[in-house]
Amino acid sequence: MVRTPLTPEERLRGERLGLLLREARGARSMTEIAARAGISAETLRKIETGRAPTPAFFTVAALAGALGLSMDEILPRCSPEPAAVPLAG
């Protein structure tokens, strides 16, 4: 199976998600959070380091629950910055 290459935006979103998860995890171990979310520590490691920049929705939702984050907190922190739009006039 050949995967479509990721766009720069997808890579950036994955990096932002990884940073957010690392910050939210704090001093807690990867193993502890991964177990709470029902995923492997290796999967969490890949997400946090950006090696898995497009995890499944339910994986992100499970991690959010394990970390005490809401999906509403995650989306704006991981979305690309809005492009500068010139004002008409």
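Here the structure is shown first, and the text comes after it.
In this report, we go over the structure that sits alongside the text.

How each quantity is defined
Residue numbering note: each chain is counted from 1, following its sequence as written. Reporting in this predicted model follows two pLDDT cut-offs: at least 70 for local features of residues, and 80 or more for side-chain atom pairs to be given and counted; totals over whole chains, interfaces and linings ignore these cut-offs and use all residues. To get the side-chain values, take all heavy atoms of the structure and skip hydrogens and water. Without a salt bridge and with relative accessible area above 30%, a residue can belong to a patch; like charges are then joined within 9 Å and nonpolar side chains (Val, Leu, Ile, Met, Phe, Trp, Tyr) within 5 Å. Values of accessible area rely on a 1.4 Å probe in the Shrake-Rupley scheme; residue burial ignores everything except the protein chains shown. Only one rule defines a salt bridge in this text: a Lys or Arg side-chain nitrogen within 4 Å of an Asp or Glu carboxyl oxygen. Secondary structure elements are defined from DSSP: runs of H or I of at least 4 residues count as helices, runs of E of at least 2 residues count as strands, and each element is numbered from the N terminus. Think of it in three bands: with a 1.4 Å probe and only protein chains considered, a residue is buried below 20% of the maximum accessible area for its type, exposed above 50%, and partly exposed in between. Here an angle of 0 to 180 degrees is reported between the N-to-C directions of two axes, which are lines fitted to C-alpha atoms, with helices fitted over the stretch in contact. Oblique is the label for any angle not covered by the other classes, which are roughly parallel (under 35 degrees), roughly antiparallel (over 145) and roughly perpendicular (65 to 115). Two helices that cross are described as forming a left-handed crossing if the nearer one is turned anticlockwise from the farther one by less than a right angle, and a right-handed crossing if clockwise. Every residue pair with non-hydrogen atoms within 4.5 Å of one another is taken to be in contact. Just so you know the grouping, Ala, Val, Leu, Ile, Met, Phe, Trp, Tyr, Cys and Pro go in nonpolar, Asp, Glu, Lys and Arg go in charged, and all remaining residues, Gly too, go in polar. A pair of Phe, Tyr and Trp rings is counted when the ring centres sit within 6.5 Å of each other, with Trp represented by its six-membered ring. The angle between the planes then sorts it: under 30 degrees is stacked, over 60 is edge-to-face, the rest tilted. The directions from the helix axis to the C-beta atoms are what the arc is built from.

**As for a nonpolar patch on the surface**
Alright, step 1. Residues Phe57, Phe58 and Met71 make up a contiguous nonpolar surface patch of about 350 Å² in total accessible area.
Alright, step 2. Of note, Phe58 is situated in helix H4 (residues 57–67).
Alright, step 3. Looking at Phe58, the relative accessible area reads 68%, which means it is exposed.

**Some thoughts on the packing of helix H2 (residues 30–37) against H4**
Alright, step 1. Axis separation between H2 and H4 bottoms out at 8 Å; the angle between their running directions is 120 degrees. By the angle between their directions, the pair H2 and H4 is classed as oblique. Note on packing geometry: the crossing formed by H2 with H4 is right-handed. The segment H2 lies against H4, with Ile33, Arg36 and Ala37 engaging Ala62, Leu63, Ala66 and Leu67.
Alright, step 2. Taken together, the residues that form the contact of H2 with H4 break down as 6 nonpolar, no polar and 1 charged.

**Points about the packing of aromatic side chains**
Alright, step 1. Evaluation of the coordinates by the stated rule reveals 1 aromatic pair.
Alright, step 2. With centroids separated by 5.2 Å and ring planes inclined at 80 degrees, the aromatic side chains of Phe57 and Phe58 adopt a geometry described as edge-to-face.
Alright, step 3. Under the relative-accessibility criterion, Phe57 is labelled exposed at 51%.

**Details of the pattern of salt bridges**
Alright, step 1. Within this structure, the stated rule accounts for 5 salt bridges.
Alright, step 2. Glu32 is the salt-bridge partner of Arg36, the closest N and O atoms lying 2.9 Å from each other. One end of the pair, Arg36, and the other, Glu32, are both in helix H2, 4 residues apart, so they sit about a helical turn from each other.
Alright, step 3. Looking at Glu32, the relative accessible area reads 29%, which means it is partly exposed.
Alright, step 4. Several salt bridges share partner residues, and in doing so they unite Glu42, Arg45 and Arg51 into one network.

**Notes on H2**
Alright, step 1. Taken together, the buried positions of H2 are occupied by Met30, Ile33, Ala34 and Ala37. Down the axis of H2, the buried set is contained in an arc of 100 degrees. They therefore lie on one face. Opposite the buried face of H2, at more than 90 degrees from it, the exposed residues are Thr31, Ala35 and Arg36.
Alright, step 2. Looking one or two places after H2, you find Gly38, whose phi comes out positive at around 80 degrees.

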